[in-house]
Each structure stands twice: as structure tokens, then as C-alpha cells.
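These are the residues of each chain, in order.
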Amino acid sequence: MKIVLFGGAFDPPHIGHQQITTALLEQGIADEVWYVPAKEHPFSKSMSPAEHRLAMLQLITDNPRVKIETYELEKKGVSYSRDTLDHLSQQYPEHSFSWIIGSDNLPDFHKWEDSQGRGYQNLLANYQFYVYPRKNFPFEPLYDNMVPLQDMAEIEASSTEARQQVRTSQPIDHLVDKAVADYMQEHSLYVE
């Protein structure tokens, strides 16, 4: 199968994540999409506890072709996309793996590396990356083995915006699934 890995903090997962996943499946780019929640972010991004992020992801994975891969949550140390891709390729040699990122990741993609210090060129030499459009982030720079999904609707929702809206008691129904919003409220997430 063609499996597209969708890594991120998912803090919280928003409707844009769901739109991307649906588009990958509907357009035949992926046979399955696996969400890969990060445990420790390489760029020291602060995140909510993993159990909450995982629970919210579980609320939006009702499609049998969408799964959650917990490898990064279970391993020690920082989460690197290359290490995850290598691990899953070895564990499931019958599948082909690629990764999807937002166009907002492109300006800093040259900083991506793995736990061995191998840079982004090595990553792209071994795996294909799909790039979905994020509002106000053009498809640049694009590197070899990156596929811009130019026909996909631009993603406007963001986890940052959802967290800010909660902090200021603003509605978030246009940003996250109702089940996620209910979970956030029940567990008082993102309220300072």
C-alpha cells in the first residue's frame, strides 16, 4: 500500500488536518494515511501532554483508512521524520511510505535532519514529500522529491489559532471537530 505519514503536534488536531487526510485518500495519493503525533519536537516546540493529543486524534479517526502510528510517542528522545520513516519502512517492507507537510514548513525545511545529523537532502533522496497549501505560505522553496498539491484547497485552520481562541473564550467550532471541542472543554485544555 501507499501510506502517507502525517506528522505533527496535533495540539489540537483541527479541521484542516481532516481535510488534508480526506483529500489524500480521495485523490488516490494514499491508500492509507497514518497520523504520527510527535513526542518531543526537534525545534523544542512546547506541546500538551501526549495522552490528550492522542485522545483527540482518536476522536477524528473514524475512517478505517486513517490510522494513528504511536512509534514517536513510544520511543525515547526527539522525534525525527527520517527515523520514523526508516523504522516503519523496515517494520512494513510491503508498504511504501511518504510524508506530508504544509507549505508553512518549506522556509525552514533546510534545517530538517535526523538523529544522525543527516540533513534534508538525505531525507529527500530516500522519501517523497507531499506539500499541502497553507494560507499565506507559497510553495517555496521546493526541493527535489517534493510534490506540491496545488489543486488542494488551501488550509486556513491552525492549532495555534484554536488555542488562542480558547484562551480568549472565542468560538472554535469553525476550527475543530465538535468531538475535539467537547474534549478540550471537558479537560480544560488551553485555558490559562
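Each residue is numbered by its place in its chain's sequence as written, counting from 1. Confidence filtering applies because this is a predicted model: local features only for residues at pLDDT of at least 70, side-chain atom pairs given and counted only at 80 or more, and all residues used for totals across whole chains, interfaces and linings. Side-chain numbers come from the whole structure's heavy atoms, not from hydrogens or water.

**Quick word on the sheet that holds strand S4 (residues 96–102)**
Here comes step 1: Only strands that DSSP links by at least two bridges are regarded as paired with each other. Think of it this way: any DSSP run of H or I at least four residues long counts as a helix, any run of E at least two long counts as a strand, and we number them from the N terminus. If you walk across this open sheet you meet the six strands as S3-S2-S1-S4-S5-S6, and the pairing is parallel. The outermost strands of the open sheet, each flanked by one partner alone, are strand S3 (66–68) and strand S6 (146–148). Adjacent strand axes in the sheet meet at a mean angle of 30° when their direction is disregarded.
Here comes step 2: Of the pairings in the sheet, the one linking S4 to strand S5 (residues 129–132) comprises four bridges and is parallel in character. Counted as the bridge partner of Gly102 is Tyr132 from S5. A fitted line through C-alpha atoms represents every axis, and for helices the fit uses only the stretch in contact; the resulting angles, taken between N-to-C directions, go from 0 to 180 degrees.

**Observations regarding the environment of Ile68**
Here comes step 1: Relative to the assigned elements, Ile68 resides in strand S3.
Here comes step 2: Note on Ile68: relative accessible area 23%, which makes it partly exposed.
Here comes step 3: Only heavy atoms matter for contacts: two residues are in contact if any of them lie within 4.5 Å across the pair. With residues near it in sequence (within four places) discarded, Ile68 still touches Tyr35, Pro37, Leu54, Leu57, Gln58 and Thr61. With a 1.4 Å probe rolled over the protein chains alone, any residue whose accessible area is under 20% of its type maximum counts as buried; one over 50% counts as exposed, and the rest are partly exposed.

**So, the pairing of strand S2 (residues 32–37)**
Consecutive residues of a regular strand have side chains that alternate between opposite faces of the sheet.
Here comes step 1: By the criterion of burial, S2 is predominantly enclosed, with six of the six residues buried.
Here comes step 2: What you see with S2 is no split at all: Glu32, Trp34 and Val36 on one side and Val33, Tyr35 and Pro37 on the other are buried throughout.
Here comes step 3: One ladder, built from six bridges, connects strand S1 (residues 2–8) with S2; its direction is parallel. Paired with Val4 across the two strands is Val33, which belongs to S2.
Here comes step 4: The handedness of a crossover follows from its direction of travel: if, with the strands pointing away from the viewer, the path from the first strand over the helix to the second runs clockwise, the crossover is right-handed. With respect to chirality, the unit in which S1 leads through helix H1 (residues 15–26) into the neighbouring parallel S2 is right-handed.
Here comes step 5: Of the pairings in the sheet, the one linking S2 to S3 comprises three bridges and is parallel in character.

**Details of the pairing of S5**
Here comes step 1: Across the two faces of S5 the burial is the same, with Phe129 and Val131 and Tyr130 and Tyr132 all buried.
Here comes step 2: The parallel pair S4 and S5 is bridged by helix H5 (residues 120–126), and the resulting crossover is right-handed.
Here comes step 3: As judged from the three bridges shared by S5 and S6, these two strands associate in the parallel manner. Paired with Phe129 across the bridge in S6 is Met146.

**So, the packing of helix H2 (residues 50–59) against helix H7 (residues 178–186)**
Here comes step 1: Following both chains from N to C, one finds H2 and H7 inclined at 150°, their axes separated by 8 Å at the closest point. One way to sum up the angle between H2 and H7 is to call them roughly antiparallel. Once H2 is placed against H7, the crossing between them reads as right-handed. For the pair formed by H2 and H7, the contact residues are Glu51, His52, Ala55, Met56 and Leu59 on the first element and Ala179, Val180, Tyr183 and Met184 on the second.
Here comes step 2: Classes in brief: Ala, Val, Leu, Ile, Met, Phe, Trp, Tyr, Cys and Pro nonpolar; Asp, Glu, Lys and Arg charged; the others, Gly included, polar. Residues of the contact of H2 with H7, tallied by class, amount to seven nonpolar, one polar and one charged. Comment on the angle field: the value is read as roughly parallel under 35 degrees, roughly antiparallel over 145, roughly perpendicular from 65 to 115, and oblique elsewhere. Handedness of a helix crossing follows the sense of rotation of the near helix relative to the far helix, less than a right angle counterclockwise being left-handed and clockwise being right-handed.

**Some words on the pattern of salt bridges**
Here comes step 1: What counts as a salt bridge is simple: a side-chain nitrogen of Lys or Arg found within 4 Å of a carboxyl oxygen of Asp or Glu. Across all of its chains, the model carries seven salt bridges by this definition.
Here comes step 2: The closest approach of N and O atoms between Lys67 and Glu32, which form a salt bridge, is 3.1 Å. You can see Lys67 sitting in strand S3 and its partner Glu32 sitting in strand S2, a full 35 residues away along the chain.
Here comes step 3: By relative accessible area, Glu32 is classed as buried at 9%.
Here comes step 4: Here Asp86 makes a salt bridge to Arg82, at a shortest N to O gap of 2.9 Å. Here Arg82 and Asp86 lie together in helix H4 (residues 81–91), a separation of four residues that amounts to about one turn. No difference in accessibility class separates Asp86 from Arg82, as the two residues are buried.
Here comes step 5: Each of Arg82, Asp86, Asp114 and Arg118 takes part in a single network of salt bridges with overlapping partners.

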